[in-house]
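Notes for the structure review
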Amino acid sequence: MTVILEAKNISKIYDEGKIKTTVLSGLDLTIHQGERLAIVGSSGSGKSTLLHLLGGLDTPTTGEVWINGVCVNRLNETERGKLRNEQLGFIYQFHHLLAEFDATENVAMPLLMRSHFSIKEAYDRANDLLDKVGLSHRTHHRPSELSGGERQRVAIARALVTQPALVLADEPTGNLDDDNAKAVFDLLSDLQNTLGMALIMVTHDRELASRADRVLEMKSGHWV
Ligand code: ADP
Ligand code: MG
């Protein structure tokens, strides 16, 4: 099976002079194509820090992150940005949609950052994805005109529109009530199955986590 992500001996130590905080120590992780991993663990255990490192948004103190055969730590900022745009999708607890743009524009944004996409192509693909997340009737709505669940579905469409190899989701349903959380999770799972990307999802919800292929628990920066 194709390995999409490999993290080797990842540590993160925040060094503030006298105070050194070890947040992650010596973590290994391998993710295969199409795999669905859930990461659980109490607040402050290091889950978000790990996701940031895996997504090339921050650099580890020790260790290496490999994505599709490329060592992320050895890339410069421009190269990492390109890799994030081309290989990864991100979904957060808070949607981080741009307030002044409508749903189509928000979803099209990652494609418009690529030079070879015309606006029409990007909007067509964005609307196709919005259709897949059940929001074809909300394409011209701005984030403030959508419900919480709808905003998360737009955020999912934005993360998937580039057909990434790997989606990193940090408590994507954490801000929703139970029913909406389940609906959004099911939608993400269905799309992930259909489109075949790998998914790493941090969640507090053990029931949702148990539906993943694999569950890892983090405690004080270690796997339990
Ligand atoms: P989780 O997502 O599991 O709740 P986080 O990864 O957000 O945990 O945080 C793990 C630990 O790292 C926390 O104890 C937090 O205080 C610490 N931490 C996060 N960012 C910094 C920072 N910039 N400087 C120092 N400590 C930090
Ligand atoms: Mg967190």
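This one's a predicted model, so the numbers in the text were calculated from it and none came from an experiment. (Residues numbered from 1 in each chain as written. Chains lettered and ligands numbered in written order. Predicted model: local features only at pLDDT ≥ 70, side-chain atom pairs only at ≥ 80, totals over all residues. Heavy atoms only, no water.)

Observations concerning the site of ligand 1
What counts here: Summary of the distance rule: residues count as near a molecule or strand when at least one heavy atom falls within 4 Å of that molecule or strand. We call two N or O atoms a polar contact when they sit within 3.5 Å, provided that within protein one can donate a hydrogen and the other can accept it, with sequence-adjacent residues counted only if both atoms are side-chain atoms. We get accessible surface area from the Shrake-Rupley algorithm with a probe of 1.4 Å; when it comes to residues, only the shown protein chains can shield them. Put simply, DSSP H or I for four residues or longer makes a helix, DSSP E for two residues or longer makes a strand, and each gets a number counted from the N terminus. All amino acids are sorted into three groups, where Ala, Val, Leu, Ile, Met, Phe, Trp, Tyr, Cys and Pro are nonpolar, Asp, Glu, Lys and Arg are charged, and the leftover types, Gly among them, are polar.
In the neighbourhood of ligand 1, the contacting residues comprise Tyr 14, Glu 16, Val 23, Ser 42, Ser 43, Gly 44, Ser 45, Gly 46, Lys 47, Ser 48 and Thr 49. Between an oxygen atom of ligand 1 and a side-chain N or O atom of Lys 47, the distance comes to 2.8 Å. Contact between ligand 1 and Thr 49: an oxygen atom at 2.5 Å from a side-chain N or O atom of the residue. Within the complex, 61% of the 570 Å² of free accessible area of ligand 1 lies under protein. Only strand 1 (3–16) and helix 1 (47–54) provide two or more residues apiece to the shell around ligand 1. Sorting elements by how many residues they give to the shell around ligand 1 places helix 1 first, with three residues. Residue classes in the shell around ligand 1 are distributed as two nonpolar, seven polar and two charged.

Observations regarding the packing of aromatic side chains
Note the following rule: Only Phe, Tyr and Trp rings are paired, with Trp represented by its six-membered ring, and only when their centres lie within 6.5 Å; those with planes under 30 degrees apart are stacked, over 60 edge-to-face, the remainder tilted.
One pass over the structure, following the stated rule, counts one aromatic pair. Taking 6.3 Å as the distance between ring centres and 5° as the angle between the ring planes, the aromatic pair formed by Phe 90 and Tyr 92 counts as stacked.

Here we look at the pattern of salt bridges
The condition is simple: Within this document, salt bridges are pairs made up of a side-chain nitrogen of Lys or Arg and a carboxyl oxygen of Asp or Glu, the two lying within 4 Å of each other. Burial classes follow relative accessibility: with a 1.4 Å probe on protein chains only, a residue under 20% of its type's maximum area counts as buried, one over 50% as exposed, and anything between as partly exposed.
Inspection of the entire model under this criterion finds 14 salt bridges. Among the ionic pairs, Arg 74 bridges to Glu 64, the shortest N-O distance being 2.9 Å. Remark: Glu 64 occurs in strand 4 (residues 62–67) and Arg 74 occurs in the loop between strand 5 (70–71) and helix 2 (77–87); sequence separation between them is ten residues. In this structure, Lys 182 engages Glu 207 in a salt bridge whose closest nitrogen and oxygen atoms are separated by 3.7 Å. Placement of the pair is Lys 182 in helix 6 (residues 178–195) and Glu 207 in helix 7 (residues 206–209), with a sequence separation of 25 residues. Residue classification places Lys 182 among the partly exposed residues on the basis of a relative accessible area of 28%.

Remarks on helix 3 (residues 103–112)
How we decide: By definition in these notes, contact holds between two residues if any of their heavy atoms fall within 4.5 Å.
Within helix 3, seven of the ten residues are buried, which leaves it mostly tucked inside the rest of the structure. Its buried side turned inward, helix 3 meets helix 2, helix 4 (119–132) and helix 5 (148–160). The N-cap of helix 3, judged by a side-chain oxygen 3.1 Å from the amide nitrogen of Thr 104 a few residues on, is Asp 102.

Let's talk about the side chain of Gln 192
Within the secondary structure, Gln 192 is located in helix 6. Relative accessible area serves as the criterion here: at 3%, Gln 192 is assigned to the buried category. Engagement of the side chain of Gln 192 in a polar contact is seen with the backbone oxygen of Glu 35, the distance being 3.5 Å. Within the structure, the side chain of Gln 192 is placed 2.8 Å from the side chain of Arg 36, a separation counted as a polar contact. Residues contacting Gln 192, with those up to four places away along its chain left out, are Gly 34, Glu 35, Arg 36, Met 197, Ala 198 and Leu 199.

Describing the sheet that holds strand 1
In plain terms, the rule: Strands are treated as partners if at least two bridges between them are detected by DSSP.
Within the open sheet, the four strands sit side by side as 2-1-4-5. Their pairing is antiparallel. The sheet is open, and its two edges are formed by strand 2 (19–32) and strand 5, each paired on a single side.

Observations concerning the layout of surface pockets
Our working definition: Only protein atoms enter the 1 Å grid used here. Points where a 1.4 Å probe fits but cannot escape make up a cavity, open sets with protein on both sides within 12 Å along at least five of seven lines make up a pocket, and a residue lines them when an atom lies within 4 Å of a point. Grid points are joined across faces, edges and corners, and a volume is the space filled by probe spheres set on the points.
In this structure, the largest pocket encloses a volume near 460 Å³. Residue classes in the lining of the largest pocket are distributed as nine nonpolar, six polar and two charged.

With respect to the nonpolar core
The cut-off we apply is this: Buried Ala, Val, Leu, Ile, Met, Phe, Trp, Tyr and Cys residues form a nonpolar core when they are joined through side-chain atoms within 4.5 Å.
Membership of the largest hydrophobic core comes to 34 residues, with the highest contact counts inside it found for Ile 91, Val 107, Leu 130, Val 133, Val 154, Ile 156 and Leu 160. Those elements giving two or more residues to this core turn out to be helix 3, helix 4, helix 5, strand 7 (166–170), helix 6 and strand 8 (198–202). Look past the residues within four positions of Leu 160 in its chain and what remains in contact with it is Leu 129, Val 167, Leu 191, Leu 195 and Met 197.

What to know about the packing of helix 3 against helix 5
The following threshold applies: Only the stretch in contact is used when fitting a helix axis, every axis being a line fitted to C-alpha atoms; angles between N-to-C directions are given from 0 to 180 degrees. Angles are sorted into four bins: roughly parallel if under 35 degrees, roughly antiparallel if over 145, roughly perpendicular if 65 to 115, and oblique for all others. Each crossing gets its hand from how the near helix is turned against the far one by less than a right angle, where anticlockwise is left-handed and clockwise is right-handed.
Put simply, helix 3 and helix 5 touch, their axes get as near as 7 Å, and they point 30° apart. Accordingly, the angle class assigned to the pair helix 3 and helix 5 is roughly parallel. The two elements helix 3 and helix 5 meet at a crossing, and its hand is right-handed. Taken together, the residues of helix 5 that come into contact with helix 3 (itself represented by Ala 103, Asn 106, Val 107 and Pro 110) are Val 154, Ala 157 and Arg 158. Here the residues of the contact of helix 3 with helix 5 sort into five nonpolar, one polar and one charged.

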